[in-house]
Amino acid sequence: MTRVARLAYREAVRSADPDRLIWERDGQDWPNRSASRFARAGGLTWHIQQMGQGPVILLVHGTGAATHSWRALAPLLAKRFTVIAIDLPGHGFTDLPTAERLSLPGMAEALGILLKILGVSPDIAVGHSAGAAILARMCLDSQIAPSTLISLNGAFLPLRGLPVHLLSPMTKMLVSIPTVPRLLARFAVNQSSVSRLLRDTGSKLEPTGIAQYQRLFSSPAHVAGALGMMARWELGCFARQLGQLKQQLVLIAGGNDTAIPPSDAARVQALVPTAKVLLLPGLGHLAHEEAPEKIAERIEDVALAPDNRSRS
């Protein structure tokens, strides 16, 4: 960490709202802690993890998660690649931005600023759920130019059905009530509630993984970041632009995903005919946490394919 970033982070900690996660208190046993550092970019202090050597793989988590989501996958990839993972704005140990910057374009722009300051140009971009959409937006806006974009149960399409028309306005209303994140965070005090919430995505996590989500969900600031992101998530126009992607698109879909139906991968492939779909039966929305070895193999197969090696 540079001296300026270190001083900025310490100042942020001193003035921190008690609702947010504090690294010195809440990050003592954070997965891959030795790979963590902090950097200042775009008015935010970011939590970053970096490990390994070789072509650069950028990992971007989904809504409500953080770098812990890559706890087992990142070290596997680090055997052959330089792996960089970040906590998105308002998530984990990265600052909560203004509400407007929690939108898809806002997130993409903020991450683009961070990568520019870090001097990072990913060769392969891997995104889970909403993280895949953020990376696709960055590719479309020429903020990054990886050879391949790998989507893990990517949230590229608007949800279907009547509840969707109510979801965004309702979420915006909830975010506008200051006490709501605190009330929802109290829900996470009960580990069985968090376990049930994760199980409802079609995934089965080990106790350590559940405990880490419980820690995140117990933070009102983290909950506010996730709610704010959901409230401003508009995918209509974005989905229609997917056909303009210049990158190779690989869609890894868990057969048991109840959050993003695996059929969505086929719908995205119809928009991007060159996209490749890899279906993983038996895995849910958090497939990369359930079966990190299997996901690492798929990513390596794509990243080390002759076409990608020649572009590196």
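Coordinates for the structure precede this section.
Per chain, residue numbering runs from 1 following the sequence as it is written. A pLDDT threshold of at least 70 governs which residues receive local features in this predicted model, and a stricter bar of 80 or more applies before side-chain atom pairs are shown or counted, although totals over entire chains, interfaces and linings include all residues. Side-chain metrics rest on all non-hydrogen atoms present in the structure, leaving aside hydrogens and water.

Caption draft 1: Expanded view of the sheet that holds strand S8 (residues 276-280). Strand order in the open sheet formed by eight strands is S1-S2-S4-S3-S5-S6-S7-S8, with mixed pairing between adjacent strands. Only two strands of the sheet have a single partner each, and these edge strands are strand S1 (36-41) and S8. Across this sheet, the average inter-strand angle for adjacent strands is 20°, counted without regard to direction. Pairing between strand S3 (residues 56-60) and strand S4 (residues 82-86): five bridges, direction parallel. Along S4, the bridge assignment pairs Val56 with Thr82. In the packing of helix H4 (residues 104-118) onto the sheet, contacts are made with S1, strand S2 (44-51), S3 and S4, and the angle to S1 comes to roughly 110°. Pairing between two strands requires that DSSP report at least two bridges joining them. Labels follow the DSSP assignment, with helices taken as runs of H or I lasting at least four residues and strands as runs of E lasting at least two, numbered in each case from the N terminus. For every element, the axis is a line fit to its C-alpha atoms; helices are fit only across the contacting stretch, and the angle between N-to-C directions ranges from 0 to 180 degrees. The contact definition used throughout considers only heavy atoms, calling two residues in contact when any of these lie within 4.5 Å.

Caption draft 2: Representation of helix H10 (residues 220-231) within the structure. One less than the number of residues in a helix, times 1.5 Å, gives the span that helix is expected to have. In this model, H10 (12 residues) spans 16 Å end to end at C-alpha, consistent with the 16 Å of a helix rising 1.5 Å per residue. Among the 12 residues of H10, 11 are classified as buried, and the element is accordingly described as predominantly covered. For H10, the set of buried residues is Pro220, Ala221, His222, Val223, Ala224, Gly225, Ala226, Leu227, Gly228, Met229 and Ala231. Categorising residues by exposure relies on relative accessible area from a 1.4 Å probe, with only protein chains included: less than 20% of the type maximum marks a residue as buried, more than 50% marks it as exposed, and the intermediate range marks it as partly exposed.

Caption draft 3: View of the side chain of His47. Looking at the secondary structure, you find His47 in strand S2. Side chain to side chain, His47 and Ser36 meet in a polar contact 2.7 Å long. Looking at His47, its side chain comes within polar contact range of the side chain of Asp87, at 2.8 Å. Once residues lying within four places of it in the same chain are set aside, the contact partners of His47 are Trp23, Trp30, Ser36, Arg37, Phe38, Thr67, Ala85, Ile86, Asp87, Phe93 and Thr94. Throughout this description, a polar contact denotes any pair of N or O atoms lying within 3.5 Å of each other; where both atoms belong to protein, one of them has to be capable of donating a hydrogen while the other can accept it, and for residues adjacent in sequence the pair is counted only when both atoms sit in side chains.

Caption draft 4: Local environment of the nonpolar core. To form a nonpolar core, buried Ala, Val, Leu, Ile, Met, Phe, Trp, Tyr and Cys residues must be joined to one another through side-chain atoms within 4.5 Å. Counting residues in each nonpolar core, the largest one holds 48 residues, and the members touching the most others are Trp46, Leu111, Ile134, Phe156, Phe238 and Leu249. The leading source of residues in this core is helix H5 (residues 130-140), at nine residues. When sequence neighbours within four positions are dropped, the list of residues in contact with Trp46 reads Arg37, Phe38, Ala39, Ala41, Ile86, Asp87, Leu88, Pro89, Thr94, Ala110, Leu111 and Leu114. Core analysis: the next-biggest nonpolar cluster, separate from the first, contains 28 residues, Leu152, Ile252, Ala291 and Val302 among them.

Caption draft 5: Structural view of the pattern of salt bridges. Salt bridge criterion: a side-chain nitrogen from Lys or Arg within 4 Å of a carboxyl oxygen from Asp or Glu. On inspection of all chains with the given rule, the structure shows nine salt bridges. The residue Asp29 makes a salt bridge to Arg215 at a minimum N-O spacing of 2.9 Å. With Asp29 in the loop between helix H2 (23-26) and S1 and Arg215 in helix H9 (residues 207-217), this residue pair connects regions lying 186 residues apart in the sequence. Its salt-bridge partner being Glu206, residue Arg71 comes within 3.0 Å of it at the nearest N-O pair. Pair noted here: Arg71 is in the loop between S3 and helix H3 (73-77) and Glu206 is in the loop between helix H8 (191-199) and H9, with a separation of 135 residues, a long-range link. Residue classification places Glu206 among the partly exposed positions, given a relative accessible area of 31%. Taken together, the shared-partner salt bridges connect Arg20, Arg40 and Asp95 into one network.

Caption draft 6: Quick look at the packing of H4 against H5. Put simply, H4 and H5 touch, their axes get as near as 9 Å, and they point 70° apart. Between H4 and H5, the angle is such that the two are roughly perpendicular. Residue-level inspection shows Leu104, Pro105, Met107, Ala108, Leu111, Gly112 and Leu115 of H4 in contact with H5, the latter providing Ala133, Ile134, Arg137 and Met138. Throughout this entry, Asp, Glu, Lys and Arg are counted as charged residues, while Ala, Val, Leu, Ile, Met, Phe, Trp, Tyr, Cys and Pro are counted as nonpolar. The remaining residues, Gly among them, count as polar. Considered class by class, the residues forming the contact of H4 with H5 number nine nonpolar, one polar and one charged. Here roughly perpendicular refers to angles of 65 to 115 degrees, roughly parallel to angles under 35, roughly antiparallel to angles over 145, and oblique to all remaining angles.

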